[in-house]
Amino acid sequence: MAATTYGPQTLASLRAAVVGRGREAELVVAALMASRHLLLEGPPGTGKSTILRAVADATGHGFAFVEGNAELTPARLAGHFDPAQVLESGYSADVWVDGPLARALREGALLYLEEINRIPEETLNLLVTVMSEGELTIPRLGRIEAHPDFRMVAAMNPFDAVGTARISGAIYDRVCRVSMDYQSEADEQQIAAKHVPTAGTDFAANVVTLVRATRQHPEIRVGSSVRGAVDLLLLAEDLATLRGDVPDARNVALDAALTALSGRVRLHDSSTTTPEAVITGLFDDIFGPPDTPEGSSEGKVKSRR
Ligand SMILES: Nc1ncnc2c1ncn2[C@@H]1O[C@H](COP(=O)(O)OP(=O)(O)OP(=O)(O)O)[C@@H](O)[C@H]1O
Ligand SMILES: [Mg+2]
């Protein structure tokens, strides 16, 4: 029964919606076909939500989306008794309101959890039980048994220390885990091209190179994801319009780079420099320093190609 919900056609839908990631897409679909629950773990912007959204769109059973945060109480995830109706008629199944977990269990939907590591421990404990027992027991309501097509897929970001904790071994022991690292350079070019109509130029290629270089820089703890490349390219186009210039003019491209990337890179705690200085340095390495003959005469950035 379950195998009819996830299969080669799910993989085909994933391949159509996601740039590259062939291996990861296979692993995700195989885990779902095998009735396993799944965790995608990787830095920001590596396509975890893109893959999960594509899976959710491809499943015939619908999905229940949950954004993990500190306010996600067990009642918000599982469901609750309507307080006003409880006062009137007491606790009964009639006054119970399904939360996303109860709904997904009953309908065999995909429970899609973002940022699972921001979810408070007591709420996560509900999931531990659901994953091991295949059912949820609610005091005064009874058992909600998992439909055979019920699956949980979750995403988390291991590097984002703010408001996140490591999830417990009990969760890890009940899920299959697909690690998502940064996309290849060619895939990042293609992702940028999906978002920015004028991508595909030397300028766009150099922007992707710049963004990738932020992940290798010794002063930087966390570099920019491909989102930074997309923002930089979009910003450069509009800034160029406002300044009556072209996107790859140095003054336009550097300001777009600083604006798109300075908040995204996080320096090491011990670093004595600034994000702006680091980005400007990388920019000069890739596009050429200011006042070089080719830089000053045309005001254009140097192309490496
Ligand atoms: N493989 C991909 N195919 C198509 N688009 C992608 C791919 N990877 C990333 N993107 C694009 O990059 C952006 C970030 O991707 P996504 O939101 O999936 O990342 P994420 O891993 O969920 O990040 P976060 O940890 O911050 O939630 C999105 O705009 C998405 O469209
Ligand atoms: Mg995401």
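Residues numbered from 1 in each chain as written. Chains lettered and ligands numbered in written order. Predicted model: local features only at pLDDT ≥ 70, side-chain atom pairs only at ≥ 80, totals over all residues.

What follows concerns the domain arrangement of the protein. Assigned domains of the protein: these are domain 1 (2-179) and domain 2 (185-298). Here the C-alpha centroids of domain 1 and domain 2 sit 36 Å apart. Opposite the seven residues of domain 1 that make contact, domain 2 presents eight residues. Of the residues that constitute the side of domain 1 that touches domain 2, the class distribution is four nonpolar, three polar and no charged. (Domains from an automatic or database assignment. Contact = placed C-beta atoms within 7 Å. Nonpolar A, V, L, I, M, F, W, Y, C, P; charged D, E, K, R; others polar.)

Let us look at the site of ligand 1. Within the structure, ligand 1 sits among 18 residues, and Pro-44, Gly-47, Lys-48, Ser-49 and Thr-50 are positioned closest to it. Of all the secondary-structure elements, those providing two or more residues to the shell around ligand 1 are helix H3 (48-58) and helix H11 (226-243). In terms of residue count, the dominant contributor to the shell around ligand 1 is H3 (three residues). Counted by class, the shell around ligand 1 contains six nonpolar, nine polar and three charged residues. The two domains that each donate at least three residues to the shell around ligand 1 are domain 1 (2-179) and domain 2 (185-298). (Near = placed C-beta within 6 Å. Helix = DSSP H or I, 4+ residues; strand = E, 2+ residues; numbered from the N terminus.)

Here we come to the environment of Arg-21. Along the polypeptide, Arg-21 turns up in the loop between helix H1 (8-17) and helix H2 (22-33). For the pair Arg-21 and Arg-174, spaced 153 residues apart in the sequence, the C-alpha separation amounts to 24 Å.

Let us look at the sheet that holds strand S5 (residues 110-114). Through backbone hydrogen bonds, the strands of a sheet pair up, either in parallel or in antiparallel fashion. The strand order across the open sheet formed by five strands is S2-S5-S8-S1-S9, and the pairing between neighbours is parallel. Two strands bound the open sheet, and with one partner strand each, they are strand S2 (63-67) and strand S9 (176-179). On average, each strand axis in the sheet is inclined to that of its neighbour by 15°, with strand direction left out of account. Pairing between S5 and strand S8 (residues 151-156): four bridges, direction parallel. Bridged to Tyr-112 within S8 is Val-153. (Pairing = 2+ DSSP bridges. Axes fitted to C-alpha atoms, helices over the stretch in contact; angles between N-to-C directions.)

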